[in-house]
Amino acid sequence: MFDTHVHLHFSNYDSDREEVILRSKEKGVDYLIDVGINLEDSREALKLAQRYSFIHTAVGVHPHYANEDRIEEFGGLVRDKKTVAIGEVGLDYFKNPIAKETQERTFRKFIRLAKDNHLPLIIHSRSGRDNGNAYLDALEILEQEEASQGVFHCFGGDKEVARRVLNQGFFISFTGNLTFPNAQKTREVASFLPLNKILLETDCPFLAPQQKRGRRNEPAYVRYVAEALAEIKNVSFEEVVRITTENAKGLFGVK
Ligand SMILES: [Zn+2]
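The sections below set out a description of the structure shown in this document. (Residues numbered from 1 in each chain as written. Predicted model: local features only at pLDDT ≥ 70, side-chain atom pairs only at ≥ 80, totals over all residues. Heavy atoms only, no water.)

All right, on to the coordination of the zinc ion then. Taken together, the protein donors to the zinc ion comprise H5 (NE2), H7 (NE2), E88 (OE) and D203 (OD), at separations of 2.2 to 2.4 Å. The site at the zinc ion holds four donor atoms, and with the angles between them running 86 to 176°, its shape is irregular. Sequence spacing among the residues donating to the zinc ion works out to H-x1-H-x80-E-x114-D. With a gap of 115 residues between them, E88 in strand 4 (residues 83-92) and D203 in the loop between strand 8 (198-200) and helix 8 (222-233) connect regions that are remote in the sequence. (Donors = N, O, S within 2.8 Å, 3.2 Å for Na, K, Ca; no water. Tetrahedral: all angles 85-135°; square planar, octahedral: opposite > 155°, others 65-115°. Helix = DSSP H or I, 4+ residues; strand = E, 2+ residues; numbered from the N terminus.)

Residues F171 and S173 line one face of strand 7 (residues 171-174) and the alternating positions I172 and F174 line the opposite face, and both faces are buried. Where strand 6 (residues 150-152) and strand 7 come together, two bridges link them in parallel fashion. Residue pairing in the sheet places F152 in a bridge with I172 of strand 7. For the crossover from strand 7 across helix 7 (residues 184-192) to strand 8, the handedness is right-handed. (Buried < 20%, exposed > 50% of the residue type's maximum accessible area, 1.4 Å probe, protein only. Pairing = 2+ DSSP bridges. Right-handed = clockwise from strand over helix to strand, strands pointing away.)

All right, on to the sheet that holds strand 4 then. Strand pairing in a sheet takes place through backbone hydrogen bonds and is either antiparallel or parallel in direction. Pairing is parallel across the open sheet formed by eight strands, whose spatial order is 1-2-3-4-5-6-7-8. Looking at the sheet topology across the chains shown, the edges are occupied by strand 1 (2-6) and strand 8. Between one strand axis and the next, the sheet turns through 30° on average, direction left out of account. Direction of pairing for strand 2 (residues 31-35) relative to strand 3 (residues 55-59): parallel, over a ladder of four bridges. Within strand 3, the residue paired with L32 across the bridge is I55. Strands strand 4 and strand 5 (121-126) of the sheet are contacted by helix 4 (residues 100-116), whose axis makes an angle of about 160° with strand 4. (Axes fitted to C-alpha atoms, helices over the stretch in contact; angles between N-to-C directions. Contact = heavy atoms within 4.5 Å.)

Inspection of the entire model under this criterion finds 17 salt bridges. A salt bridge links R23 to E218; its shortest N-O distance comes to 2.8 Å. Of this pair, R23 sits in helix 1 (residues 17-26) while E218 is found in the loop between strand 8 and helix 8, placing the two residues 195 residues apart along the sequence. On the basis of relative accessible area, E218 is assigned to the buried category, the value being 4%. Among the ionic pairs, R242 bridges to E239, the shortest N-O distance being 3.3 Å. Of this pair, R242 and E239 both sit in helix 9 (residues 237-252), three residues apart, roughly one helical turn. Members of the salt-bridge network, linked through shared partners, are E40, R43, R70 and E73. (Salt bridge = Lys/Arg side-chain N within 4 Å of Asp/Glu carboxyl O.)

Turning our eyes to something else, we now look at the pairing of strand 4. Of all ten residues making up strand 4, ten are buried, and the element is well covered by its neighbours. In terms of strand pairing, strand 3 meets strand 4 through three bridges, oriented parallel. Residue pairing across strands places A58 opposite A85, the latter belonging to strand 4. Both strand 4 and strand 5 contribute to a ladder of five bridges, which runs parallel. Bridging across to strand 5, D92 finds its partner in R126.

The subject of this paragraph is the packing of helix 7 against helix 8. To characterise two packed helices, one gives the angle between the axes of the helices and the distance between these axes. At their nearest, the axes of helix 7 and helix 8 sit 9 Å apart, and the two run at 65° to each other. The angle between helix 7 and helix 8 falls in the class roughly perpendicular. Of the two elements, helix 7 crosses helix 8, and the hand of that crossing is right-handed. In this structure, helix 7 contributes R187, A190, S191 and F192 to the contact, and helix 8 contributes L229, I232 and K233. In terms of residue class, the contact of helix 7 with helix 8 is built from four nonpolar, one polar and two charged. (Parallel < 35°, antiparallel > 145°, perpendicular 65-115°, else oblique. Left-handed = near helix turned anticlockwise from the far one by under 90°. Nonpolar A, V, L, I, M, F, W, Y, C, P; charged D, E, K, R; others polar.)

A general feature of soluble globular proteins is that nonpolar side chains tend to end up buried together. Ranked by internal contacts, the top residues of the largest apolar core, which has 65 residues, are I86, L121, F152, F155 and F174. Ignoring anything within four residues of it in the chain, the contact list for I86 reads V59, V78, F110, L113, A114, L119, P120, L121 and I122. Core analysis: the next-biggest nonpolar cluster, separate from the first, contains 15 residues, A85, I122, V151 and L251 among them. (Core = buried A, V, L, I, M, F, W, Y, C linked by side-chain atoms within 4.5 Å.)

This part covers helix 7. For helix 7, the full list of buried residues reads T186, R187, V189 and A190. Taken down its axis, helix 7 places every buried residue within 155° of arc, on the same side. Along its buried surface, helix 7 packs onto helix 6 (159-167), strand 7, strand 8 and helix 8. (Arc of directions from axis to C-beta.)

Structure follows, in structure tokens:
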């Protein structure tokens, strides 16, 4: 399995990081992308990736940190051979005090950084209750910037948004969000999508699947996401694992 979005460098794992990583491997997780959320954090993510051959990294600035993008300091991180993506970057309108204009400006800078370095984007997108649709805004920006390589992570949009994401050339990735009882809409989107455009992720330590709800998430639990997807698609677990792993290896250029 390929868990395409983890934050194993977070302090949540300070007491047992090594065990969690080894357990992932034991439970069949052969590839991991450890994702940074700002400059300092991306440095930590890369450091972790450098210690394990099966961990790669994505470096970027989450929209919660969009007002301190410090993009000129990302050069060395981006050029490291363990860096396989730019992210997470995007737009977040859910209780985010940072102005939309600031978020958009930072998002555009990192899209250009990704394009200049021929790296895919890992996009974080979350709408608020009534202040606009972050997915549609992100898609419009990607269209304008002619960016067509990457993934919308932890997808929570509807079918129409999903269709546009595919048209833009992007993949869609699901977390434990696919397993929640109230996630019927998300499962409908997954059922509509072709399997060759779907990636798996945990987004750990967040979003533990229903079977582990309320606990700290970890990469070993990505199999619950794969199981949910197999049920939705009415194919075997092995088939889901095989195809989503190939998808991720192709997108991120991981051998
Ligand atoms: Zn994340």
